[in-house]
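Given next are the chains, with one letter for each unit.
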There are 2 protein chains.
Amino acid sequence: MVQIPNTPASAPPAQRSVPTSADVARLAGVSRATVSYVLNNTSAVRISEPTRRRVHEAAKELGYVPHAAARSLRAGHSRMVLMPAPAIPAGPLYSQFINELQWALSRLDYTVVQYGTLGLHGDEAARAWAELRPVAVLVPGQGLGPQGVAVLKRSGARAVVTLGPASVEGAHALLMDHAAVGQVAGRHLYERGRRRIGVVVPEEPGLEVYSTPRLDGVRQAVHGTDAVVTELPLAYEEEAAARLAARWRALGLDAVFAYNDEYAMLLMRALQDEGVRIPEDTAMIGADDLMLGRLLRPRLSTVHIELPSGRELAELVDRAVRDPGAAPERHEVLGAEVVHRDSS
Amino acid sequence: MVQIPNTPASAPPAQRSVPTSADVARLAGVSRATVSYVLNNTSAVRISEPTRRRVHEAAKELGYVPHAAARSLRAGHSRMVLMPAPAIPAGPLYSQFINELQWALSRLDYTVVQYGTLGLHGDEAARAWAELRPVAVLVPGQGLGPQGVAVLKRSGARAVVTLGPASVEGAHALLMDHAAVGQVAGRHLYERGRRRIGVVVPEEPGLEVYSTPRLDGVRQAVHGTDAVVTELPLAYEEEAAARLAARWRALGLDAVFAYNDEYAMLLMRALQDEGVRIPEDTAMIGADDLMLGRLLRPRLSTVHIELPSGRELAELVDRAVRDPGAAPERHEVLGAEVVHRDSS
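Worth saying up front: this structure is predicted, and the values here are computed from it rather than measured. (Residues numbered from 1 in each chain as written. Chains lettered and ligands numbered in written order. Predicted model: local features only at pLDDT ≥ 70, side-chain atom pairs only at ≥ 80, totals over all residues. Heavy atoms only, no water.)

Some thoughts on the pairing of strand 2 (residues 111-115) of chain A
Residue and element names in this part refer to chain A. For strand 2, a buried count of 4 out of 5 residues is recorded, marking the element as mostly surrounded by other parts of the structure. With 5 bridges joining them, strand 1 (residues 80-84) and strand 2 adopt parallel strand pairing. In the sheet register, Leu82 faces strand 2, and the bridge partner there is Val113. (Buried < 20%, exposed > 50% of the residue type's maximum accessible area, 1.4 Å probe, protein only. Helix = DSSP H or I, 4+ residues; strand = E, 2+ residues; numbered from the N terminus. Pairing = 2+ DSSP bridges.)

Here it is in structure tokens:
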């Protein structure tokens, strides 16, 4: 039972005066196709300079801007590369990576759009992204399944690239295995002669995707040795760090991998306030190689993490868009290396 | 002279199998209009439950997702709220604000899209944004002029909201005057008895939008008194901080407002390495009230900055979208308050 709604009494005010390409064509005295070719810089079509100029002047006079959506409907796809915006506050490493990526993609004439997907998960999020008809989708973290990839491809995405610990059927994968971060940290502490190794695991939700493999990495590094690994849940709060520091001697740890440099700073302060000497009583290492680690006393040892460069990722996206039928690529892209300073 | 290009030999592979609403209509045995009403949840149209179910089942079977662009072309506008993505790495305060805003807007059924505009400036950027036909645009910082606002409105944006130090003709303004941050910092140092006040000004490009008004604010706070303000350019690097610290005694300063907590940490470390006692020789205050300030010794005094809540901003956007003809609103939204700790 379908009832057609009444036509609204009037068009909304903001819409009445929106100029169209037909208006531009009329003012310039050319066809709509010509307007489209000129304003979209189609190189396949030769148009005389005076005509080009007339079209640009008419567009300027009317304040006409081409409609990306209409263009993508005509072309069958857009130049939009969609990335879900991170739901957890982005750290400085991630911000820098995104900036680089945007820059590299814009040089290849793509537009990067970060889509807020708070409250959406997995394949449900994929459906929301598909509505924007991006030509490519970059998905950091976990959660997207093969079904989500299929939804995106059916709605016209030529490339789906995941950045995370595992690959997903149908998508290209940049494999970022954070276990490697824990492995080099654990190996370093073991080689410094430490055998009772604590590993900080943040209690903040959303960080498990990093903290779980980092903890696993430390366990792998000392597997089969006499070293013992102890998991240390910690919230990013002074009081929580003070409570952990108060029972430090009872824990009997001689080393700690503090998840990252920020948690290391938090824990170092609390341990020093308790009189625990670093590195004499407890060796400490962080991760991410942030500036603040160099400013601590003792200077903080850390794991320097090498992410894929924005340029490399942009080139993978462009390759995949041009050849959507190609077999999915898989690349291991996370590098991890210890920077040894004074705290370990 | 226009030549029409040849039709491509075949449709691109990813496109051939993209299901359309016509396919869904055929499989469900209903009209395309019915498919559209069901999948877009149009409440104005009554459709029987069995019909709804048939449409949903057909859409699921075919993997059909509605096209936001097509829908926005029909409706005349989208539910897309566009924000330019920041070109400078976003700090934790900004990340939290964006997350809150996304959450609040998604509850009002808007989609927040952050658009990378590296390499585009001012009204040129506005034209790029206009191509996506957002229903509203939120522009942090400076650079958008009245012309850019006009371009956005002519292309269908019902609301343009700027977040920055000044208002722009035709746009709603959330006025965030960072001079207030410098004012409370300068007044605090003056009231602590300090008269020779240094102000750190980051050398990193892109931060002038904050650092210039913060410096001005300190000058305003001590205007007409016997206090003297000295500008201290500083790059966010250990060596630069060490060089500044080496000539600290020659500068003869008894106080410093360090731009923010991160620059304060950098400078505090360099000054302490030079034997400058804080606060005895030099009182120090940062800004942003980050956790790291509480972890420094002495604990860092800071300026706590109150940004508008994501909910308030989302409500302003929604109000403006519903009534695009209303006069632009102006709100002063930045609150600044000193948190006095041990460094000043």
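On we go.
Focus: the side chain of Arg158 of chain B
All names here are of chain B. Among the structural elements, Arg158 can be located in the loop between helix 8 (146-154) and strand 4 (159-164). Asp323 provides the closest opposite charge to the buried, unpaired Arg158, separated from it by 8.5 Å. Among the polar contacts made by the side chain of Arg158, one reaches the main-chain carbonyl oxygen of Val321 at a distance of 3.3 Å. (Lys, Arg positive; Asp, Glu negative; His and termini not counted. Salt bridge = Lys/Arg side-chain N within 4 Å of Asp/Glu carboxyl O. Polar contact = N/O pair within 3.5 Å; in protein donor to acceptor, adjacent residues only side chain to side chain.)

Considering unusual backbone geometry
Residue and element names in this part refer to chain B. Ile278 connects to Pro279 through a cis peptide bond whose omega is 10 degrees. Residue placement: Pro279 occurs in the loop between helix 13 (261-273) and strand 9 (283-285). The step from Arg297 to Pro298 runs through a cis peptide bond, and the omega angle for that step is 0 degrees. By secondary structure assignment, the location of Pro298 is in the loop between helix 14 (291-295) and strand 10 (302-306). The phi dihedral of Asp288 falls on the positive side, at around 105 degrees, and the residue is not glycine. Within the secondary structure, Asp288 is located in the loop between strand 9 and helix 14. A relative accessible area of 17% means that Asp288 is categorised as buried. Even without being glycine, Asp289 reaches a positive phi, approximately 55 degrees. Checked against the element boundaries, Asp289 lands in the loop between strand 9 and helix 14.

Regarding the packing of aromatic side chains
For the coordinates displayed, the defined rule picks out 4 aromatic pairs over all chains. Summarising the aromatic geometry, the rings of Tyr236 of chain A and Tyr263 of chain A are spaced 5.1 Å apart at their centres and angled 50 degrees between planes, so their arrangement reads as tilted. Here Tyr236 of chain A, found in the loop between strand 7 (228-234) and helix 11 (238-246), pairs with Tyr263 of chain A, found in helix 13 (residues 261-273); they are 27 residues apart in sequence, far enough to count as distant. By relative accessible area, Tyr263 of chain A is classed as buried at 5%. An aromatic cluster is present here, built from Tyr236, Tyr259 and Tyr263 of chain A joined pairwise through their rings. Its end group placed over the ring of Tyr190 of chain A, Arg195 of chain A keeps NZ or CZ at 3.7 Å from the ring centre. In this structure, Arg214 of chain B is placed above the aromatic ring of Tyr259 of chain B, and the distance from its NZ or CZ to the ring centre is 5.0 Å. (Phe/Tyr/Trp six-rings, centres within 6.5 Å; stacked < 30°, edge-to-face > 60°. Lys NZ or Arg CZ within 6 Å of the ring centre and 35° of its normal.)

Remarks on the pattern of salt bridges
The final tally for this structure, using the stated rule, is 26 salt bridges over all chains. The residue Arg26 of chain B makes a salt bridge to Asp23 of chain B at a minimum N-O spacing of 3.3 Å. In this pair, Arg26 of chain B and Asp23 of chain B both sit in helix 2 (residues 21-28), 3 residues apart, roughly one turn of the helix. Looking at Asp23 of chain B, the relative accessible area reads 24%, which means it is partly exposed. Connected via shared salt-bridge partners are Glu238 of chain A together with Arg294 and Arg299 of chain B.

Focus: the sheet that holds strand 6 (residues 196-202) of chain A
Residue and element names in this part refer to chain A. Spatially, the 4 strands line up as an open sheet ordered 7-6-8-9, and their pairing is parallel. The open sheet terminates on both sides in strands that have one partner only, identified here as strand 7 and strand 9 (283-285). Neighbour-to-neighbour, the strand axes of this sheet turn through a mean angle of 20 degrees, independent of strand direction. For strand 6 and strand 8 (residues 255-257), the ladder comprises 3 bridges, and the chain directions are parallel. Bridge pairing links Gly198 to Val256 in strand 8. Relative to strand 8, helix 9 (residues 179-191) is tilted by about 165 degrees, and along the sheet it contacts strand 6, strand 8 and strand 9. (Axes fitted to C-alpha atoms, helices over the stretch in contact; angles between N-to-C directions. Contact = heavy atoms within 4.5 Å.)

A word on helix 8 of chain B
All names here are of chain B. Here helix 8 has its buried residues at Gly148, Val149, Val151 and Leu152. An end-on view of helix 8 places all buried positions within 160 degrees of arc, on one side of the element. Buried positions along helix 8 lie against helix 7 (122-130), strand 3 (136-140) and strand 4. Phi for Gly156, located one or two positions after helix 8, is positive at around 110 degrees. (Arc of directions from axis to C-beta.)

Details of the side chain of Ser344 of chain B
Residues and elements named next belong to chain B. With respect to the element layout, Ser344 can be found in the segment after strand 12 (335-339). Accessibility expressed as a relative area gives 7% for Ser344, which makes it buried. Within polar-contact distance, the side chain of Ser344 engages the side chain of Ser301 at 2.7 Å. Not counting residues up to four positions away in its chain, the partners in contact with Ser344 are His188, Leu189, Arg192, Pro279, Ala283, Met284 and Ser301.

Things to note about the nonpolar core
The biggest cluster of nonpolar side chains holds 62 residues, and the ones touching the most others in it are Trp248 and Met284 of chain A together with Trp248 and Met284 of chain B. Residue assignment for this core shows that the elements contributing at least two residues are strand 7, helix 11, helix 13 and helix 14 (291-295) of chain A together with strand 7 (228-234), helix 11 (238-246), helix 13 and helix 14 of chain B. Contacts of Trp248 of chain A, omitting those with residues within four sequence positions, involve Leu232, Leu253, Val256, Leu267, Leu271, Val276 and Thr282 of chain A. (Core = buried A, V, L, I, M, F, W, Y, C linked by side-chain atoms within 4.5 Å.)

Functional significance is not addressed by these values, which are geometric in nature.
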